Amino acid sequence: MSRTFDVVVIGGGPGGYIAAIRASQHGLTVACIDEWKNRDDSHAFGGTCLNAGCIPSKALLESSELFHKAQHEFSAHGISTSEIKLDLARMQDRKAGIVKQLTGGIGALFKANKVEGLVGHGRLLAGRKVEFTSADGKVEVIEAKNIILAGGSTPIELKVAPFNGTTILDSWGALDIAEVPGTLGVVGAGVIGLELGSVWNRLGAKVTVLEAMDEFLFMADKELAKAAQRQFKKQKLDIKLGAKVTAAKAGKKGVTVSYEDKSGAQELVVDRLVVAVGRKPNSQGLFGDDAGIQVDQRGFIIVDDECRTGVAGVYAIGDCVRGPMLAHKASEEGVMAADLIAGEIAEVNYKVIPSVIYTSPEIAWVGQTEEQVKASGKTYKTGSFPFAASGRAKAMEQTAGMVKIISSSEDDEVLGVHIMGPMAGELISEAVLAMEFTASTEDIQRTIHAHPSLAEAIHEAALSVDNKALNALNK
Ligand code: FAD
Ligand code: NAD
């Protein structure tokens, strides 16, 4: 007799494992199937985020920033050091240790929540059945009242620069480099390109980033994107815009990258090349042809606002469906799907999903950019506050950047908050909460912020919307 569960989740990343835990919290019987394989062939739950994405990249960003600070910023605090040396093997071990602890933690959470973790491949069949092929090749058909597809995504490979695992790398490979390359090329000045480019730049590589678009950080508010570009230039991150890669050839001396820009054909020779030009949904192999699941032209599973596919009882969440490819978006969709399965009312507020780029300074935003508000035809006001005028930022020696707030002229509702500066990724949460509650700038103006804190910059930016900033000149 086949095993039956109330919910079977296929995929154990931040979308899938969170959905499984929430479903079990509702008293449902749950299995979560995941096939992630590490380089040593070991299995770990956690998907891209924990194994090869958010967590290892943030571990290296933190370590490399400390290395850079010790070399270049300690002296400003009156701290002198003898020669600062890099022990990259230890840095990589620390990263691996954090990943291991967190992925291992999911096993413990599954046990505590009575989620059955199944290691292997899952495939949705017709009639709410799931074919499970275990790691040792045994095939079992499981019955499920509800199924959540959470297959995630994988890096896009460029035909002109195929990955070879040694010198032409994807983002996972770029996290595992064992020796600081003398020169590193990065294709794509998106989130991964900037974060991982920063890591290796801080550790001593000469980094050149080739971006096909003419505009830098097209998805961010233009004013912030421009300010960020200036910061990266100061950090000697060489970002070439309008650079279209036409070929990459690996040879004995590294990788020869051919690209075209405004001035014509160009060539760049680097020790290693990282290709970070986006990710594609991992929907192949996730469901059979007769399962009834529809995908769009780019392979994303088609779902409605509640993550329902066209098949009754089958949901899809996270990177394999429309919307930003972010771990917190995947998790929130997982929670929503599990709550809906349990008969509760649930929704994801897609208008207030924060974005964070963990460079130095960090860049974070929520809601609309000024360009988007302008294009919508709404009348609006803006206010901003520079971290150069923040006592806390000065004490931290981190005064680059600002907070910018955009709100409606009609009813003062906050429409977008854009931050570049120290801990922007933490600060943005206040803005997310404000927007979740449809706050006005006046609400933020009347909220007491601790002094001295970085969050005061949000308070002052809100005051500046109405020309009432107290610690900076108004417009
Ligand atoms: P995934 O995390 O990709 O998990 C999917 C899982 O399903 C995988 O384990 C996969 O093996 C498994 N699977 C797929 N198909 C099957 C099948 N048929 N059977 C069994 N198992 C299957 N996002 C952020 O929000 N913040 C960050 O700081 C951040 N940093 C990142 C840094 C890097 C370098 C990268 C690459 C990504 C980063 N992301 C970040 C993006 C984030 O990792 C993804 O948005 C997130 O992991 C998506 O979650 P998911 O659960 O949809 O998919
Ligand atoms: P991305 O979409 O952020 O950036 C890709 C960049 O590559 C774009 O700027 C694009 O114009 C450029 N590009 C595309 N084709 C090119 C080509 N042929 N030559 C040169 N440039 C080209 O994608 P990514 O950086 O690969 O990241 C993938 C996903 O992972 C993103 O959706 C992101 O949300 C997520 N992620 C998030 C975080 C975070 O939240 N901090 C960190 C890393 C990754």
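Conventions used here
- Residues numbered from 1 in each chain as written.
- Chains lettered and ligands numbered in written order.
- Predicted model: local features only at pLDDT ≥ 70, side-chain atom pairs only at ≥ 80, totals over all residues.
- Heavy atoms only, no water.
- Near = heavy atom within 4 Å.
- Polar contact = N/O pair within 3.5 Å; in protein donor to acceptor, adjacent residues only side chain to side chain.
- Helix = DSSP H or I, 4+ residues; strand = E, 2+ residues; numbered from the N terminus.
- Nonpolar A, V, L, I, M, F, W, Y, C, P; charged D, E, K, R; others polar.
- Salt bridge = Lys/Arg side-chain N within 4 Å of Asp/Glu carboxyl O.
- Buried < 20%, exposed > 50% of the residue type's maximum accessible area, 1.4 Å probe, protein only.
- Pairing = 2+ DSSP bridges.
- Axes fitted to C-alpha atoms, helices over the stretch in contact; angles between N-to-C directions.
- Parallel < 35°, antiparallel > 145°, perpendicular 65-115°, else oblique.
- Left-handed = near helix turned anticlockwise from the far one by under 90°.
- Contact = heavy atoms within 4.5 Å.
- Expected span 1.5 Å × (residues − 1).
- Core = buried A, V, L, I, M, F, W, Y, C linked by side-chain atoms within 4.5 Å.
- Phe/Tyr/Trp six-rings, centres within 6.5 Å; stacked < 30°, edge-to-face > 60°.
- Lys NZ or Arg CZ within 6 Å of the ring centre and 35° of its normal.

Caption draft 1: Inspection of the site of ligand 1 at higher detail. Of all residues adjacent to ligand 1, which total 40 residues, the nearest are D34, T48, K58, D319 and A327. Residue G15 places a main-chain N or O atom 2.9 Å away from an oxygen atom belonging to ligand 1. The backbone of E35 places a nitrogen or oxygen atom 3.1 Å from a nitrogen atom of ligand 1. At the level of elements, strand 2 (30–34), helix 2 (47–52), helix 3 (54–72), strand 3 (115–125) and helix 8 (327–341) are the ones that each hand at least two residues to the shell around ligand 1. If you tally residues by element for the shell around ligand 1, the top one is helix 2, at four residues. Class assignment for the residues of the shell around ligand 1 results in 15 nonpolar, 20 polar and five charged.

Caption draft 2: Spotlight on the site of ligand 2. Among the 20 residues in the neighbourhood of ligand 2, the closest are listed as I192, E195, E211, G278 and V356. Here E211 contributes a side-chain N or O atom positioned 2.6 Å from an oxygen atom of ligand 2. One nitrogen or oxygen atom from the main chain of G278 is found 2.8 Å from an oxygen atom belonging to ligand 2. Considering every element that reaches the shell around ligand 2, the biggest residue donor is helix 6 (residues 191–202), with three residues.

Caption draft 3: Examining the pattern of salt bridges more closely. Enumeration according to the criterion identifies 20 salt bridges in this entry. A salt bridge links K145 to D6; the nearest nitrogen and oxygen atoms lie 3.0 Å apart. With K145 in strand 5 (residues 139–149) and D6 in strand 1 (residues 4–10), this residue pair connects regions lying 139 residues apart in the sequence. Judged by relative accessible area, which is 47%, K145 ranks as partly exposed. Salt bridges here are not isolated pairs; linked through shared partners, they connect D221, E223, E370 and K404.

Caption draft 4: Seen up close, the pairing of strand 3. As paired elements, strand 2 and strand 3 share five bridges and run parallel to each other. Considered in strand 3, the bridge of A31 is made with E116. Bridging between strand 3 and strand 4 (residues 129–134) involves six bridges; their strand directions are antiparallel. Pairing of R123 across the sheet is with E131, part of strand 4. Counting the residues between successive antiparallel strands, the hairpin from strand 3 to strand 4 contains three residues, one of them, G127, with a positive phi of roughly 75 degrees.

Caption draft 5: Broad picture of the packing of helix 1 (residues 16–25) against helix 8. In the contact formed by helix 1 and helix 8, the axes pass within 8 Å of each other and the chain directions differ by 30 degrees. Considering their axes alone, helix 1 and helix 8 lie roughly parallel with respect to each other. The crossing of helix 1 and helix 8 is right-handed. Residue-level inspection shows I18, A19, R22 and A23 of helix 1 in contact with helix 8, the latter providing S331, G334, V335, A338 and D339. In terms of residue class, the contact of helix 1 with helix 8 is built from five nonpolar, two polar and two charged.

Caption draft 6: Region of interest: the packing of helix 3 against helix 4 (residues 88–113). Between helix 3 and helix 4, the least distance of the axes is 9 Å, while the angle of their chain directions is 145 degrees. Relative to helix 4, the crossing made by helix 3 is right-handed. Of helix 4, the residues touching helix 3 (which contributes I55, P56, A59, L60, E62, S63 and S64) are M91, Q92, R94, K95, I98, V99 and L102.

Caption draft 7: Up close: the environment of D238. Turning to its location among the elements, D238 is positioned in strand 10 (residues 238–240). A polar contact is formed between the side chain of D238 and the side chain of K240, at a distance of 3.2 Å.

Caption draft 8: Spotlight on helix 4. In a regular helix each residue adds 1.5 Å, so 26 residues correspond to 38 Å; helix 4 covers 38 Å between its end C-alpha atoms and thus fits that length. Of all the residues in helix 4, the buried ones are L88, M91, Q92, K95, V99, T103, I106 and F110. Two residues or fewer past helix 4, K114 is found with a positive phi of approximately 60 degrees.

Caption draft 9: Structural context of the nonpolar core. Counting residues in each nonpolar core, the largest one holds 36 residues, and the members touching the most others are W200 and I363. Listing elements by their share of this core, those giving two or more residues are helix 3, helix 4, helix 5 (171–175), strand 8 (183–187), helix 6, strand 9 (206–210), helix 7 (222–234) and strand 18 (362–367). The element best represented in this core is helix 7, accounting for five residues. V366, F385, F387 and V414 belong to the second-largest nonpolar core, a separate cluster that totals 28 residues.

Caption draft 10: Structural view of the sheet that holds strand 17 (residues 355–357). Strand order in the open sheet made by the five strands is 17-18-21-20-19, with antiparallel pairing throughout. Of all the strands in the sheet, just strand 17 and strand 19 (380–386) have a single pairing partner and so form its edges. Strand after strand, the sheet turns through a mean of 10 degrees between neighbouring axes, direction not considered. Sheet topology note: the strand 19/strand 20 (residues 402–408) ladder contains seven bridges and is antiparallel. Note on strand 20: the bridge partner recorded for F385 is V403.

Caption draft 11: Geometry of the environment of Q101. Mapped onto the fold, Q101 is located in helix 4. Given the relative accessible area of 63%, Q101 is considered exposed. Distance from Q101 to W365, taken between C-alpha atoms, is 30 Å for residues 264 residues apart in sequence.

Caption draft 12: Molecular detail of the packing of aromatic side chains. All told, the structure shown has three aromatic pairs when counted by the stated rule. Measuring from ring centre to ring centre gives 5.0 Å for W36 and W172, while their planes differ by 45 degrees; the resulting arrangement is tilted. In this pair, W36 is assigned in the loop between strand 2 and helix 2 and W172 in helix 5, connecting sequence segments 136 residues apart. As far as the burial class goes, W36 and W172 line up, both buried. Sitting above the plane of the W172 ring, R39 keeps its charged end 4.1 Å from the centroid.

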